[in-house]
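Each chain is listed here by its residues.
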Amino acid sequence: MDEALAAGGEVVELGVGTGRIAIPTALAGAHVIGVDSSPGMLAVCADRAREAGVEARLDLRLGDLRKPPVDERVLLVTCPFRSYLHLRDDGERLEALSASRELLRSGGRLVFDVFTPSREDIEETHGRWIEREPGIDERADWDLSAQTLTLSVRGPQGSSTMTLWWVEPERWHSLLAEAGFQVVACYGWFDRRPFTGGEDSVWIATRT
Ligand SMILES: C[S@@+](CC[C@H](N)C(=O)[O-])C[C@H]1O[C@@H](n2cnc3c(N)ncnc32)[C@H](O)[C@@H]1O
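Criteria and cut-off values
- Residues numbered from 1 in each chain as written.
- Predicted model: local features only at pLDDT ≥ 70, side-chain atom pairs only at ≥ 80, totals over all residues.
- Heavy atoms only, no water.
- Near = heavy atom within 4 Å.
- Polar contact = N/O pair within 3.5 Å; in protein donor to acceptor, adjacent residues only side chain to side chain.
- Areas by Shrake-Rupley, 256 points an atom, 1.4 Å probe, with all protein chains shown as cover.
- Nonpolar A, V, L, I, M, F, W, Y, C, P; charged D, E, K, R; others polar.
- Core = buried A, V, L, I, M, F, W, Y, C linked by side-chain atoms within 4.5 Å.
- Buried < 20%, exposed > 50% of the residue type's maximum accessible area, 1.4 Å probe, protein only.
- Helix = DSSP H or I, 4+ residues; strand = E, 2+ residues; numbered from the N terminus.
- Contact = heavy atoms within 4.5 Å.
- Pairing = 2+ DSSP bridges.
- Axes fitted to C-alpha atoms, helices over the stretch in contact; angles between N-to-C directions.

Q: Would you mind going over the site of the ligand with me for this structure?
A: Near the ligand you find 17 residues, and of these E13, G15, R20, D36 and L65 are the closest. Here a nitrogen atom of the ligand sits 2.7 Å away from a polar atom, N or O, in the main chain of G15. With respect to the ligand, the backbone of S37 contributes an N or O atom lying 3.2 Å from a nitrogen atom. Contact with the protein chains hides 85% of the accessible area of the ligand, taken as 600 Å² for the molecule alone. Classifying every residue of the shell around the ligand gives six nonpolar, seven polar and four charged.

Here is the structure:
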């Protein structure tokens, strides 16, 4: 939200999901173009935007973040809550980063976060059902050689499984450079604490 307001109130959010971030950002006064490849997530987001009274400031578009259906050029593109981990290899990562760069005006910023699991997290969670929220269980199956996390979720309304692919922060750094970005900052969390090698990294990069 801070980044959106600092950028003058116009932002493209890639992987907008149910609007967890886009709706408060629109409530704060920004105009958000939200892209997602899931019609179901966009439908929930549209309902929530209407309930919050911000549907006029939230422009939802069905599409892939590697080829976002966005002709506008903005000063801020965000991809929050690890959506880039849906990309399965460096080819897809580069395609997505280059597409984000294309959306940016000169001086514009890309902000996103990813994670790289620790050995301890893998050992603690591997193959175990863990209650994440009342009535909602989650199970992580880690593959260290393929660097994949297969995440299963089950709850009263059904169950689902998805795969995420992680790479080390150094790899994100070089992919950003290859895609034509300069890294302005890499934080360890959203409060902008420095990244010191933890699981989460929050990146701010600008078009070179
Ligand atoms: C972890 S959620 C993040 C949602 C939201 N940004 C948030 O912070 O709550 C990831 C979202 O990315 C979407 N997604 C996954 N792969 C995508 C792709 N290739 N193109 C566009 N959206 C994608 C999913 O449908 C999902 O809504």
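Q: I'm lost on the nonpolar core in this one. Help?
A: The tendency in soluble globular proteins is for nonpolar side chains to be buried side by side. Counting residues in hydrophobic clusters, the biggest one holds 36 residues, and the most contacted among them are L14, Y84, L97, L110, F112 and W172. Broken down by element, this core gets its largest block of residues, five residues, from strand β5 (residues 104–115). With sequence-adjacent residues up to four places away left out, L97 is seen in contact with Y84, L110, W172, L175, L176, A179 and F181. One finds A22, V32, L58 and Y187 within the second-largest nonpolar core, a separate group that totals 20 residues.

Q: Even after reading the chapter, I still don't get the sheet that holds strand β9 (residues 158–165), so can you show me in this structure?
A: Sheet strands associate in pairs through backbone hydrogen bonding, adopting either a parallel or an antiparallel arrangement. Taken in spatial order, the four strands of this open sheet run β6-β7-β8-β9, and their pairing is antiparallel. In the strand order of this sheet, the two ends are held by β6 (129–133) and β9, each with one partner. Going across the sheet, the axis of each strand differs from the next one's by a mean of 25°, ignoring polarity. The pairing of strand β8 (residues 148–155) with β9 spans eight bridges and is antiparallel. Its bridge partner being in β9, L149 is matched across the sheet by L164.

Q: How should I be thinking about the sheet that holds strand β10 (residues 181–187) in this particular structure?
A: With mixed pairing, the seven strands of this open sheet are ordered in space as β3-β2-β1-β4-β5-β11-β10. Every other strand in the sheet has two partners, leaving β3 (58–62) and β10 as the edge strands with one partner each. Averaged over all pairs of adjacent strands, the angle between strand axes in this sheet comes to 20°, irrespective of strand direction. Direction of pairing for strand β1 (residues 10–14) relative to strand β4 (residues 74–79): parallel, over a ladder of two bridges. Residue pairing for β4: E13 is matched across the bridge by T78. Running over the sheet, helix α3 (residues 39–52) touches β2 (31–36) and β3 and is turned about 165° from β3. Strands in contact with helix α6 (residues 169–178) are β5, β10 and β11 (200–207); relative to β11, the strand with the most contacts, it is inclined by about 10°.

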